[in-house]
Amino acid sequence: MEILMKPIGYIRSPYKDKTAAPKQGTPSEGTTAAIEILEEYKEGIADIKEGEYGIILFYFHKSEGYKLTTLSAKSNKIMGVFSTRSPNRPNGIGMSIVRFIKKENNRLIFEGVDMLDGTPVLDIKPYSKELCPKDIAPPKDFLS
Ligand SMILES: C[S@@+](CC[C@H](N)C(=O)[O-])C[C@H]1O[C@@H](n2cnc3c(N)ncnc32)[C@H](O)[C@@H]1O
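Here goes a summary of the coordinates provided. The numbers attached to residues start from 1 for each chain and follow its sequence in the written order. Reporting of local features is limited, given that this is a predicted model, to residues whose pLDDT is at least 70; pairs of side-chain atoms are given and counted only at 80 or more, and all residues count toward the totals for whole chains, interfaces and linings. Computation of side-chain values: all heavy atoms of the structure, hydrogens and water removed.

**Regarding the sheet that holds strand S2 (residues 32-37)**
If DSSP finds at least two bridges between two strands, the strands pair. Numbering of helices and strands starts at the N terminus; helices are DSSP runs of H or I of at least 4 residues and strands are runs of E of at least 2. Read around the closed barrel, the six strands follow the order S1-S2-S7-S6-S3-S8; overall the barrel is antiparallel. Along the sheet, successive strands turn relative to each other by an average axial angle of 45°, direction set aside. Where S2 lies against strand S7 (residues 107-111), five bridges are found, and the strand directions are antiparallel. Looking at the pairing, Ala34 lines up with Ile109 of S7. Interaxial angle, 0 to 180 degrees, is taken between N-to-C directions of lines fitted to C-alpha atoms, where a helix line uses only the stretch in contact.

**With respect to the site of the ligand**
The ligand sits among 19 residues. The nearest are Pro22, His61, Arg85, Asp114 and Thr119. In this structure, an oxygen atom belonging to the ligand sits 2.7 Å away from a main-chain N or O atom of Pro22. Between His61 and the ligand, the recorded distance is 2.9 Å, taken from a side-chain N or O atom to a nitrogen atom. Values of accessible area rely on a 1.4 Å probe in the Shrake-Rupley scheme; residue burial ignores everything except the protein chains shown. When the ligand is considered free in solution it has 600 Å² of accessible area, and contact with the protein chains removes 93% of it. Elements represented by at least two residues in the shell around the ligand include exactly strand S3 (53-59) and strand S6 (93-104). A per-class count over the shell around the ligand returns nine nonpolar, six polar and four charged. We call a residue near a molecule or strand whenever a single non-hydrogen atom of that residue lies within 4 Å of it. Polar contacts here mean pairs of N or O atoms no more than 3.5 Å apart (in protein, one a potential hydrogen donor and the other a potential acceptor; neighbouring residues in sequence count only if both atoms are side-chain atoms). Amino acids are sorted into nonpolar (Ala, Val, Leu, Ile, Met, Phe, Trp, Tyr, Cys and Pro), charged (Asp, Glu, Lys and Arg) and polar (every other residue, Gly among them).

**Considering a nonpolar patch on the surface**
On the surface, Met1, Ile3, Met5 and Ile93 cluster together into a nonpolar patch covering about 520 Å² of accessible area. Structurally, Met1 can be placed in the segment before strand S1 (9-12). Only residues whose relative accessible area exceeds 30% and that form no salt bridge are eligible for patches; like-charged ones are grouped when within 9 Å, while nonpolar side chains (Val, Leu, Ile, Met, Phe, Trp, Tyr) are grouped when within 5 Å. Within this document, salt bridges are pairs made up of a side-chain nitrogen of Lys or Arg and a carboxyl oxygen of Asp or Glu, the two lying within 4 Å of each other.

**Focus on the environment of Arg85**
Looking at the element boundaries, Arg85 is found in the loop between strand S5 (78-80) and S6. Residues Arg85 and Asp123 lie 38 residues apart in sequence; the distance between their C-alpha atoms is 18 Å.

**Concerning the nonpolar core**
Within this scheme, the nonpolar core is defined by two criteria: the residues are buried Ala, Val, Leu, Ile, Met, Phe, Trp, Tyr or Cys, and they are joined through side-chain atoms within 4.5 Å. For every residue, the accessible area obtained with a 1.4 Å probe (protein chains only) is divided by the maximum for its type, and the residue is called buried under 20%, exposed over 50%, and partly exposed between those limits. Counting residues in each nonpolar core, the largest one holds 20 residues, and the members touching the most others are Ile35, Ile56, Phe100, Phe110 and Ile124. Elements that contribute at least two residues to this core include exactly S2, S3, S6, S7 and strand S8 (120-126). Residue contributions to this core peak at three residues, all from S2. The contacts of Phe110, once residues within four sequence positions are left out, are Ile11, Thr31, Thr32, Ala33, Ala34, Ile35, Ile56, Val98, Arg99, Phe100, Ile101 and Met115. Whether two residues touch is decided by their heavy atoms; if any such pair falls within 4.5 Å, the residues are in contact.

Okay, structure coming up:
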């Protein structure tokens, strides 16, 4: 089965290429970027509030191919790709948790950027502790 997706918008980021973007788990605090939502999807951001946290799902459009094992930036060991956050993965889907700080018409300004400029956005979801199954305690620093 093939799955066809259309971006709902694009990231406008200060990071123009891979060498400039922050590495795994280190989005620069205080650096802002924007999601420019396409006109046809604009109504969908109506209830996103300033200060809320959100999950952005996006496509690693600048990745070339994938490797099923890769050097994990976290453990510094060769690991299966699905235990890493490598941008070189079979379906090229990225996920970042961000904080929305402002909404301007069809633009959502956010903190927590690690995406390159022009990155296609596939989806936006709210982030909350209800995401964890009840029998799994969320980590202490889990955001509300
Ligand atoms: C380690 S990945 C983690 C991304 C995301 N937070 C995740 O967990 O899926 C972050 C790196 O992906 C790369 N990157 C960001 N946007 C990209 C894009 N559109 N295409 C290819 N690589 C990208 C940058 O080099 C950045 O340092």
